[in-house]
There are 2 protein chains.
Amino acid sequence: MLAFVCFIFVCCTCFMCFTFYAAIHFIICGDHCSLTYSAGALGGGMMLQGLSVDSSGPSFTPLVVVELVSDAKEETIGWLLNKIRDQQHDGGAELLVEQLGPGVGAQEKENPNLFLVGATWQRLLSGAEDVGLFKESTDGSMRAFTCANKHNFKDFGGDGDGFLSMAECQYIIKHELDTLRAKDETHVPGYKQAKLYPGKSIIRRLLSKRILIQIFPLHDKEELKRLSFSWYKKVKLSLQPLDDIRHYYGEGQALYFGFLEYFTFALVPMALFGVPYYLFDWEDYDKYVVFAVFNLIWCTVILELWKRCSASLAYRWGTLSRKKAFEEPRPGFHGVLGFNPVTGREEPLYPNIKRQLRIYLVSLPFVLLCLYLSFCVMMVYFLMEGWALSVYDQEPTFWTGVLLFIPSIIYAVVIEAMNLIYRYAAEFLTEWENHRLESSYQNHLVLKVLVFNFFNCFASLFYIAFVVQDMVLLRQSLATLLITSQILNQFMEAFLPYWLQRRRNKKMIRKVQKRRILEDKELPLAEQVRLEADMSTYLGTFDDYLELFLLFGYVSLFSCVYPLAAVLVVLNNVTEVYSDAFKMCHVFKRPFSDPAANIGVWQLAFEAMSVIAVVTNFALIGLSPQVKTYFSDSETHLILWTVAAEHGLMAFKFILTFLIPDIPKHIQIKLARLEFESLEALKKKRQLHGG
Amino acid sequence: MLAFVCFIFVCCTCFMCFTFYAAIHFIICGDHCSLTYSAGALGGGMMLQGLSVDSSGPSFTPLVVVELVSDAKEETIGWLLNKIRDQQHDGGAELLVEQLGPGVGAQEKENPNLFLVGATWQRLLSGAEDVGLFKESTDGSMRAFTCANKHNFKDFGGDGDGFLSMAECQYIIKHELDTLRAKDETHVPGYKQAKLYPGKSIIRRLLSKRILIQIFPLHDKEELKRLSFSWYKKVKLSLQPLDDIRHYYGEGQALYFGFLEYFTFALVPMALFGVPYYLFDWEDYDKYVVFAVFNLIWCTVILELWKRCSASLAYRWGTLSRKKAFEEPRPGFHGVLGFNPVTGREEPLYPNIKRQLRIYLVSLPFVLLCLYLSFCVMMVYFLMEGWALSVYDQEPTFWTGVLLFIPSIIYAVVIEAMNLIYRYAAEFLTEWENHRLESSYQNHLVLKVLVFNFFNCFASLFYIAFVVQDMVLLRQSLATLLITSQILNQFMEAFLPYWLQRRRNKKMIRKVQKRRILEDKELPLAEQVRLEADMSTYLGTFDDYLELFLLFGYVSLFSCVYPLAAVLVVLNNVTEVYSDAFKMCHVFKRPFSDPAANIGVWQLAFEAMSVIAVVTNFALIGLSPQVKTYFSDSETHLILWTVAAEHGLMAFKFILTFLIPDIPKHIQIKLARLEFESLEALKKKRQLHGG
């Protein structure tokens with residue numbers, strides 16, 4: 001019975017994958033027009049220098065779009081544009097900026113305040129030095145780019161065109177816009193309530209006062225087409241083009257996809273091990289000890305190895321030894337004006353003690369309350385489960401058999417819904433805590449969301465495993481939860497945004513077609529920019545990592561009682577690669593690249609999960625009938641041995657963390673060589689000055 | 001009976017402290033002559049510049065002594081002295097060097113090859129820049145010293161005399177000597193077998209071929225007198241003069257004494273808590289649960305707080321943000337000549353795989369064998385213990401009662417002896433493993449010694465506590481082990497070297513007095529240098545930290561069954577401060593200062609011990625009759641609850657490690673400010689170049 005339903009689930013998932021595939025293929029091959037740019041307009045984004053592209057287009061190649069509210073005052077717009085255009089020593093950004101012309105079907109309600117920002121090559125190169133970009137030098141090592149040594153870098157030809165990727169150029173422009181600072185203005189011209197003080201980032205103030213709607217980088221359709229072709233258009237078993245992804249989306253994105261791929265590959269041995277286990281020991285719940293031991297070692301080893309992989313990637317991409325820039329306060333941060341003790345600049349200060357009070361007196365109780373609610377929901381689920389079981393016991397037909405799964409499915413849906421609602425609450429609370437730095441905001445948000453999601457998803461499994469101690473029910477619950485949440489996730493993440501975007505695309509094309517007959521079916525620049533401005537904003541890798549984290553939890557915690565979990569997760573990850581790739585390319589606005597050197601706080605989260613997995617697996621081993629018969633004379637001995645073994649493995653785990661270096665040897669040597677060279681150069685300089 | 005013997009032990013320890021005190025006072029007040037320098041000769045070590053000090057003395061103030069073997073060839077000596085004197089751009093060290101004149105009673109067997117090394121102020125200042133010294137600048141922050149900005153530093157007056165402490169000058173000279181490199185010499189002139197290659201450190205080759213016996217810095221007797229007065233001469237309850245210790249001995253030493261002091265203070269609440277516990281619950285072995293819980297929290301908190309203390313000290317002394325210099329191969333390292341992949345220089349290479357084989361196939365089995373031997377000795381001890389008990393049972397008199405303690409005392413002595421012998425074996429093995437870097441050598445040595453010492457000292461206690469489960473015996477063993485090892489340690493560490501040194505001093509004075517009648521009872525420079533050359537060499541803080549580590553173990557692991565342990569350790573630490581201070585000042589050669597930013601690998605060792613302490617204390621709680629009666633119905637529940645509580649606390653401990661920042665807020669701000677300033681300076685420089 002159980003086997004049958006599981007089989008149906010697996011079929012469902014597979015079917016889903018294939019329909020999704022088919023959908024993508026259909027879209028890309030059949031519905032080409034709406035998704036490709038005029039090649040002349042932006043294609044070859046590398047030929048940026050002062051090319052007049054189109055009669056109606058700007059006199060430079062646009063890289064970034066700045067959208068102000070449609071009723072923004074003339075005075076404000078003029079002031080901002082001057083700031084962007086001004087020379088650097090006058091406090092400007094020295095960038096090129098132009099207003100976007102009206103679209104083909106210019107309507108009343110169309111926002112006229114869209115501005116295209118670009119820059120000259122010289123400006124971009126000096127910006128690259130400002131942001132501390134690392135590029136490959138002619139001797140093959142990664143070095144911080146400096147204009148003085150520009151000819152020592154690989155691929156630096158002519159006056160530097162083609163040296164920086166479009167994503168890098170966009171990142172530099174964003175950085176330069178972000179560091180546009182007020183000088184002696186006390187408020188934004190035209191908006192008395194938008195206060196400024198010397199040194200305040202203008203863009204952040206405009207964003208927080210909602211005068212500026214958004215800043216986003218433009219897609220490069222030619223490159224995007226190439227990327228999507230090598231990424232997901234051909235059905236193949238090769239690896240993802242991580243370097244291309246990094247080239248187009250930046251290091252943060254590429255690391256996510258790298259991790260997703262690594263995680264999938266890491267699961268393969270487990271899946272291979274799990275299938276025969278599942279097939280031949282199907283109704284024998286006792287023999288999961290071997291699998292639990294395998295699990296233990298697996299989750300310890302793969303995270304350690306990932307650190308090395310991640311370091312290799314980050315070195316290749318030049319973010320490993322890149323210094324972190326000084327962090328600005330986040331746009332939403334507010335407080336009483338004072339002097340920052342670090343920079344000495346005037347900026348709002350917010351007493352730490354107030355923030356701590358908000359965290360411990362409001363956020364913490366709220367999280368606890370939510371956990372309690374989640375617990376209550378779980379109890380209701382167990383009541384339903386009991387009721388379904390009693391119905392099945394009274395009348396064991398096929399339909400009452402199916403009924404057995406209904407509570408789990410409902411519970412899984414409720415869990416997803418609660419996670420979603422809680423997410424908004426957590427964002428609101430973390431915003432209200434008024435963190436000064438984006439990183440601190442992110443850490444608090446991740447912590448809140450992780451604790452709740454962990455409890456929400458796994459509490460029922462822990463309850464079944466260790467309180468009820470019913471391994472059959474555990475297996476059944478795990479399967480239902482895993483499969484339902486996978487289906488829901490794929491739907492929420494890819495299908496829904498895709499259909500919304502498709503509707504928008506269609507509308508835009510229809511609008512254009514109304515006014516003029518398109519020779520080629522491509523959109524003119526003005527329309528394409530407006531189309532992209534309306535696309536959903538990609539909110540970062542948070543949700544993607546969170547999903548992986550929960551999947552990792554399902555696999556590492558309980559997969560010993562349900563070996564097929566690994567197979568399901570592998571299947572899910574494969575479709576996840578495709579759906580994530582698709583949504584990155586065609587559903588969302590292009591995100592700014594993020595020069596990440598590792599997966600950050602998520603490494604910690606996964607490691608915490610692996611520690612919990614060790615404890616859980618040992619507890620499951622201790623509960624297994626096999627082990628129990630071995631220690632049949634004394635339960636005390638059983639527990640003591642289990643605890644001793646657990647402590648031993650935990651100690652081993654920590655020793656392993658020390659023994660396996662986080663950075664592979666050959667990269668360590670390269671880094672040491674760079675450091676040695678800079679020390680030697682310094683010494684020489686000194687001796688020259690001294691002599 | 002037990003109480004009585006313990007009382008005797010405590011009295012013994014107290015008596016020991018006082019006699020030691022009295023001895024020190026006697027030496028310092030009554031026996032002044034042999035330990036003070038001629039004030040003119042070296043006192044005011046800060047007035048270094050070209051002062052002709054004495055008719056027979058050198059033309060500069062000597063800082064460091066280089067001792068070659070007495071039969072060193074003229075050719076070699078001349079070559080080395082030229083290297084030291086040569087200009088820097090000729091590959092020399094640009095230092096001042098002179099041969100030490102013969103002593104008053106010049107004898108045949110006296111080594112003539114003692115050389116005094118000094119330097120001009122200009123040279124020392126440029127050396128300070130080379131080694132990356134941090135000094136306090138006029139705005140109160142710690143900055144890397146540079147000659148260009150020398151006037152921005154506090155206390156920099158005139159041409160810089162008095163700016164660097166004598167210890168810093170000596171450190172600089174040592175660094176300059178160490179980095180004297182061979183150019184085109186293929187071997188040391190006069191010694192064909194002492195091969196050289198371009199870039200090889202000359203001093204290290206001379207040391208490894210035993211042509212150079214030693215390099216040591218000279219004491220500054222005036223300053224030493226002041227230091228010892230404020231440190232230990234006056235009986236007082238104030239803190240140690242850590243800044244003065246750092247000024248005279250460098251940061252590594254000062255951090256050790258800081259840690260010793262911190263550890264003693266941290267023990268005070270435990271001692272205060274322990275005394276009434278000990279007095280009123282003396283025969284009630286059940287009530288140690290409260291103490292165990294106290295222990296748990298104590299050992300978690302104090303290590304976290306120490307990190308902050310240590311960071312504060314290191315910031316004040318300018319070592320916190322000091323960059324580590326590039327590490328040279330250690331003198332004993334040998335291998336086949338090749339090219340270092342990092343520096344590109346020619347240097348011996350030794351394949352890592354060979355080293356790993358030596359570690360895993362020889363060292364590891366050897367350590368395991370030693371552990372097995374230690375285990376056998378422990379078993380013999382238990383046999384003896386059983387025999388003594390049977391004697392006491394047959395005839396319970398006072399003397400057979402004393403006999404009960406004899407096995408423990410013998411065992412304690414044997415443990416100390418085994419630790420000592422093993423120490424030599426470990427040093428030999430680690431040397432043989434042929435580590436390239438001193439730090440890697442140290443880590444492997446520490447690991448070997450720690451594992452063995454931990455097992456050797458605590459195995460019997462663990463055995464008694466968890467296998468025999470006899471808390472009375474545990475208490476008795478702990479007391480005997482602790483007290484015996486303390487007495488032995490104080491004897492080995494302070495008394496023995498002191499008497500040896502005293503004999504040497506006396507001999508030297510007698511020799512001088514034979515030849516000439518001293519007007520003042522002070523030694524002339526030549527004799528003083530020879531006297532110091534003969535003093536024992538201080539081998540670093542290894543043994544001192546090891547002793548503290550074992551004491552920490554006794555207190556944190558088992559003090560709940562013997563609350564007086566904390567009191568004993570406090571007493572021991574107080575005498576330790578005095579005996580260590582005394583031996584540093586009067587028994588050993590002055591050590592070169594070591595710019596440490598923290599206590600290094602010992603922090604890790606203490607943290608590992610605190611984790612073990614958590615597990616042990618929970619196990620002891622689980623074994624306590626009090627808890628057992630509470631869970632009288634089910635032993636399984638008892639164990640499960642204990643394990644759950646232990647896991648909870650362990651998790652809390654790790655969370656605490658994240659929550660408590662390692663560096664106090666105000667220092668974080670100062671560091672951030674420095675970094676921000678350097679970033680801003682860089683940006684300005686760029687804009688200047690660009691504009």
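Not measured: the values here are computed from a predicted model.

Trainee: Teacher, can you tell me more about the overall build of chain A here?
Mentor: Along the backbone of chain A there are 22 helices and 10 strands. Evaluated residue by residue, chain A yields a buried proportion of 54% over its 691 residues. Within chain A, contacts between residues at least 6 apart in sequence are counted, and of these 75% link residues at least 24 apart. Accessible area for chain A stands at about 31,000 Å²; split by element, carbon and sulfur atoms hold 65% of it.

Trainee: Would you mind going over the UniProt feature "transmembrane region" (unreviewed entry) in chain A with me for this structure?
Mentor: Residues and elements named next belong to chain A. Feature annotation in UniProt assigns "transmembrane region" (unreviewed entry) to the following positions: residues 6-28, 254-276, 288-306, 359-384, 404-425, 445-466, 478-500 and 548-571. Segment residues 288-306 splits into 95% helix and 0% strand. End C-alpha atoms: 27 Å apart. Between the end C-alpha atoms of residues 548-571 there is a gap of 13 Å, over a span that is 79% helix and 0% strand.

Trainee: Before we go on, may I ask you to explain the interface of chain A and chain B in this structure?
Mentor: A common way to express how large an interface is: the accessible area buried when the components associate. Facing the 27 residues of chain A at the interface are 27 residues of chain B. Each partner contributes to the roughly 2,700 Å² buried at the junction of chain A and chain B, and carbon and sulfur atoms together form 64% of this total. Applying the counting criterion to the chain A and chain B interface returns zero salt bridges. On the surface where chain A and chain B come into contact, there are six residue pairs in polar contact (both at pLDDT 80 or more). Those elements that place two or more of their residues in the side of chain A that touches chain B are helix H4 (121-130), helix H19 (601-623), helix H21 (635-659) and helix H22 (665-690) of chain A. The leading source of residues in the side of chain A that touches chain B is H21 of chain A, at nine residues. Across the side of chain A that touches chain B, the residue classes tally to 14 nonpolar, five polar and eight charged.

Trainee: For this particular structure, what's the right way to read the domain arrangement of chain A?
Mentor: When its domains are assigned, chain A resolves into domain 1 (66-101 + 109-215) and domain 2 (354-420). Centre-to-centre, using C-alpha coordinates, domain 1 of chain A lies 49 Å away from domain 2 of chain A.

Trainee: So what exactly am I meant to see when it comes to the relation of the copies chain A and chain B here?
Mentor: Both copies of the chain are tied together by a single rotation about an axis and a shift running along it. Each copy superposes on the other: chain A lies on chain B with an RMSD of 0.0 Å after a rotation of 180° and an axial shift of 0.0 Å. Put plainly, the chains are arranged around a two-fold axis. It is Thr 636 of chain A whose C-alpha, among those of chain A, lies nearest the rotation axis, at 2.9 Å. Mapped onto chain B, 100% of the interface residues of chain A are again interface residues, and the two copies thus contact each other with one and the same surface.

Trainee: So what exactly am I meant to see when it comes to the side chain of Ser 485 of chain A here?
Mentor: Residues and elements named next belong to chain A. Residue placement: Ser 485 occurs in helix H15 (residues 471-515). Since its relative accessible area comes to 7%, Ser 485 is described here as buried. Dropping the residues within four chain positions of it, Ser 485 is found in contact with Glu 416 and Tyr 554.

Trainee: What's the story with the layout of surface pockets in this structure? I'm lost.
Mentor: Over the atoms rolls a probe the size of a water molecule, and in doing so it shows where empty space is left. Residue and element names in this part refer to chain A. Considering only enclosed or pocket space, the second largest pocket measures out at about 1,000 Å³ in volume. Lining the second largest pocket are 34 residues, with Leu 420, Arg 423, Met 492, Glu 493 and Asp 543 sitting closest to its centre. When residues of the lining of the second largest pocket are traced back to their parent elements, those giving at least two are helix H13 (406-432), helix H14 (438-468), H15, helix H17 (542-558) and helix H18 (564-586). No other element matches the nine residues that H15 contributes to the lining of the second largest pocket.

Trainee: Help me understand helix H5 (residues 166-178) of chain A in this model?
Mentor: Think of an α-helix as turning once every 3.6 residues; residues three or four places apart then point the same way. All names here are of chain A. Relative to the 18 Å expected for 13 residues at 1.5 Å per residue, H5 spans 18 Å between its end C-alpha atoms, a close match to the ideal helical length. Along H5, 11 of the 13 residues are buried, which leaves the element largely enclosed by surrounding structure. Of all the positions in H5, only Met 166, Ala 167, Glu 168, Cys 169, Gln 170, Tyr 171, Ile 172, Ile 173, Glu 176, Leu 177 and Asp 178 are classed as buried.

Trainee: Looking at this structure, I do not really get the pattern of salt bridges. What am I missing?
Mentor: Between side chains of opposite charge, a pair can form as their charged atoms come close. Residues and elements named next belong to chain A. As enumerated under the stated definition, the model contains 43 salt bridges over all chains in all. Measuring nitrogen to oxygen at the nearest pair gives 3.0 Å for the salt bridge that ties Asp 139 to Arg 143. For Arg 143, a relative accessible area of 23% corresponds to the partly exposed category. Through salt bridges with shared partners, one network takes in Lys 135, Glu 168, Arg 246 and Glu 251.

Trainee: I tried to follow unusual backbone geometry on my own but got confused; where do I start?
Mentor: The phi torsion of most residues other than glycine is negative, and most of the peptide bonds are trans. A positive phi angle is found at Arg 210 of chain A, which is not glycine, with a value near 60°. By secondary structure assignment, the location of Arg 210 of chain A is in the loop between helix H6 (202-208) and strand E8 (212-217).

Trainee: I would appreciate a short explanation of a positive patch on the surface in the present structure.
Mentor: All names here are of chain A. Residues Lys 109, Arg 503, Lys 506, Lys 507 and Arg 510 make up a contiguous surface patch of positive charge. Its place among the elements puts Lys 109 in the loop between strand E2 (96-99) and strand E3 (114-118). By relative accessible area, Lys 109 is classed as exposed at 76%.

Trainee: I keep staring at the sheet that holds strand E1 (residues 64-68) of chain B and nothing clicks. Help me out?
Mentor: In a beta sheet, neighbouring strands are held together by backbone hydrogen bonds and run either parallel or antiparallel to one another. All names here are of chain B. Taking strand neighbours across the sheet as the criterion, the four strands line up as E2-E3-E1-E8 in an open arrangement whose pairing is antiparallel. Only two strands of the sheet have a single neighbouring strand rather than two, namely strand E2 (96-99) and strand E8 (212-217). Within the sheet, the average angular offset between the axes of one strand and its neighbour, ignoring direction, is 20°. Where E1 meets strand E3 (residues 114-118), four bridges bridge the pair, whose relative direction is antiparallel. Residue Glu 67 lies in a different strand from E3, and its bridge partner there is Leu 114. Sitting on the sheet, helix H5 (residues 166-178) is in contact with E1, E3 and E8, with an inclination near 40° to E1. Seen against the sheet, helix H16 (residues 525-534) touches E1, E3 and E8 and runs at an angle of roughly 110° to E8.

Trainee: Honestly, the sheet that holds E3 of chain A in this entry has me stumped. Any pointers?
Mentor: All names here are of chain A. In spatial order, the strands read E2-E3-E1-E8; together these four strands make up an open sheet with antiparallel pairing. Each having just a single partner strand, E2 and E8 make up the two edges of the open sheet. This sheet shows a mean twist of 20° between the axes of neighbouring strands, independent of strand direction. By the bridge criterion, four bridges tie E2 to E3 in an arrangement that is antiparallel. Looking at the pairing, Gln 99 lines up with Phe 115 of E3.

Trainee: Hey, could you run me through the side chain of Ser 593 of chain A in this one?
Mentor: Residues and elements named next belong to chain A. The topology assignment puts Ser 593 in the loop between H18 and H19. In this structure Ser 593 comes out as buried when scored by relative accessible area, which is 12%. Discounting residues that sit within four places of it in the chain, Ser 593 has contacts with Ala 167, Tyr 171, Tyr 249 and Gly 250.

Trainee: Whenever I open this one, the packing of helix H4 (residues 121-131) of chain B against H5 of chain B confuses me. Can you help?
Mentor: Helix-helix packing: each pair is described by the crossing angle between the helix axes and the interaxial distance. All names here are of chain B. The interhelical angle for the contact between H4 and H5, taken along N-to-C directions, is 75°, at an axis separation of 9 Å. Classified by the angle between their axes, H4 and H5 sit roughly perpendicular to one another. For the pair H4 and H5, contact is made by Trp 121, Arg 123, Leu 124, Gly 127, Ala 128, Asp 130 and Val 131 and by Cys 169, Tyr 171, Ile 172, Ile 173, His 175 and Glu 176, respectively. When the residues that make up the contact of H4 with H5 are grouped by side-chain class, the tally is eight nonpolar, two polar and three charged.

Trainee: Can you help me understand the packing of aromatic side chains in this one?
Mentor: Centre-to-centre distance and the angle between the planes together describe a pair of aromatic rings. Residues and elements named next belong to chain A. Applying the stated criterion to the full structure yields 77 aromatic pairs over all chains. Here Phe 273 and Phe 291 contribute two aromatic rings whose centre-to-centre distance is 5.4 Å and whose plane-to-plane angle is 10°, an arrangement assigned as stacked. Taken as a pair, Phe 273 in helix H9 (residues 251-280) and Phe 291 in helix H10 (residues 289-316) lie far apart in primary sequence, 18 residues in all. Taking relative accessible area as the criterion, Phe 273 reaches 30% and is therefore assigned partly exposed.

Trainee: In this structure, what is going on with the packing of helix H10 (residues 289-316) of chain B against helix H19 (residues 601-623) of chain B? I would like to understand it.
Mentor: All names here are of chain B. Running from N to C, H10 and H19 cross one another at 165°; their axes reach a closest spacing of 9 Å. One finds that H10 runs roughly antiparallel with respect to H19. Classified by chirality, the crossing of H19 by H10 is left-handed. Contacts between H10 and H19 involve Val 289, Ala 292, Val 293, Asn 295, Leu 296, Cys 299, Thr 300, Leu 303, Glu 304, Trp 306 and Lys 307 from the former and Gln 603, Phe 606, Glu 607, Ser 610, Ala 613, Val 614, Asn 617, Phe 618 and Ile 621 from the latter. The residue inventory of the contact of H10 with H19, partitioned by class, reads 12 nonpolar, five polar and three charged.

Trainee: Even after reading the chapter, I still don't get the confidence of the model for chain A, so can you show me in this structure?
Mentor: When pLDDT is low, close inspection of the predicted coordinates is not appropriate. All names here are of chain A. Overall, the predicted model of chain A reaches an average pLDDT of 81, with 86% of residues at or above 70. Scored below 50 in pLDDT, residues 1-55 makes 108 contacts in the model with residues more than four places away or belonging to other chains. Prediction confidence for the complex, expressed as pTM and ipTM, is 0.84 and 0.80 respectively.

Trainee: I'm lost on a nonpolar patch on the surface in this one. Help?
Mentor: Taken together, the side chains of Ile 353, Leu 357, Tyr 360, Leu 361, Val 362, Leu 364, Leu 368, Phe 428 and Trp 432 of chain A together with Ile 655 and Leu 659 of chain B make up a nonpolar region of the molecular surface, amounting to roughly 1,100 Å² of accessible area. Looking at the nonpolar patch, the elements with two or more residues in it are helix H11 (352-394) and H13 of chain A together with helix H21 (635-659) of chain B. For the nonpolar patch, the element with the highest residue contribution is H11 of chain A, accounting for seven residues. Examined against the element boundaries, Leu 659 of chain B turns out to sit in helix H21.

Trainee: Please clarify how the environment of Gly 140 of chain B should be interpreted in this entry.
Mentor: The residue Gly 140 of chain B is located in the loop between strand E4 (134-136) and strand E5 (142-144) in this model. Assessed through its relative accessible area of 33%, Gly 140 of chain B is described here as partly exposed.

So, how was this worked out
- Residues numbered from 1 in each chain as written.
- Chains lettered and ligands numbered in written order.
- Predicted model: local features only at pLDDT ≥ 70, side-chain atom pairs only at ≥ 80, totals over all residues.
- Heavy atoms only, no water.
- Helix = DSSP H or I, 4+ residues; strand = E, 2+ residues; numbered from the N terminus.
- Buried < 20%, exposed > 50% of the residue type's maximum accessible area, 1.4 Å probe, protein only.
- Contact = heavy atoms within 4.5 Å.
- Areas by Shrake-Rupley, 256 points an atom, 1.4 Å probe, with all protein chains shown as cover.
- UniProt positions renumbered as here; feature names shortened; annotations may be inferred.
- Buried area = accessible area lost by both parts, 1.4 Å probe.
- Salt bridge = Lys/Arg side-chain N within 4 Å of Asp/Glu carboxyl O.
- Polar contact = N/O pair within 3.5 Å; in protein donor to acceptor, adjacent residues only side chain to side chain.
- Nonpolar A, V, L, I, M, F, W, Y, C, P; charged D, E, K, R; others polar.
- Domains from an automatic or database assignment.
- Least-squares fit on C-alpha atoms with pLDDT ≥ 70 in both.
- 1 Å grid on protein atoms, 1.4 Å probe; cavity = no way out; pocket = protein on both sides within 12 Å on 5 of 7 lines; lining within 4 Å.
- Points joined across faces, edges and corners; volume = space filled by probe spheres on them.
- Expected span 1.5 Å × (residues − 1).
- Patch = residues over 30% accessible without salt bridge, like charges linked within 9 Å, V, L, I, M, F, W, Y side chains within 5 Å.
- Lys, Arg positive; Asp, Glu negative; His and termini not counted.
- Charge placed at Lys NZ, Arg CZ, Asp CG, Glu CD.
- Pairing = 2+ DSSP bridges.
- Axes fitted to C-alpha atoms, helices over the stretch in contact; angles between N-to-C directions.
- Parallel < 35°, antiparallel > 145°, perpendicular 65-115°, else oblique.
- Phe/Tyr/Trp six-rings, centres within 6.5 Å; stacked < 30°, edge-to-face > 60°.
- Left-handed = near helix turned anticlockwise from the far one by under 90°.
- pLDDT = per-residue confidence, 0-100.

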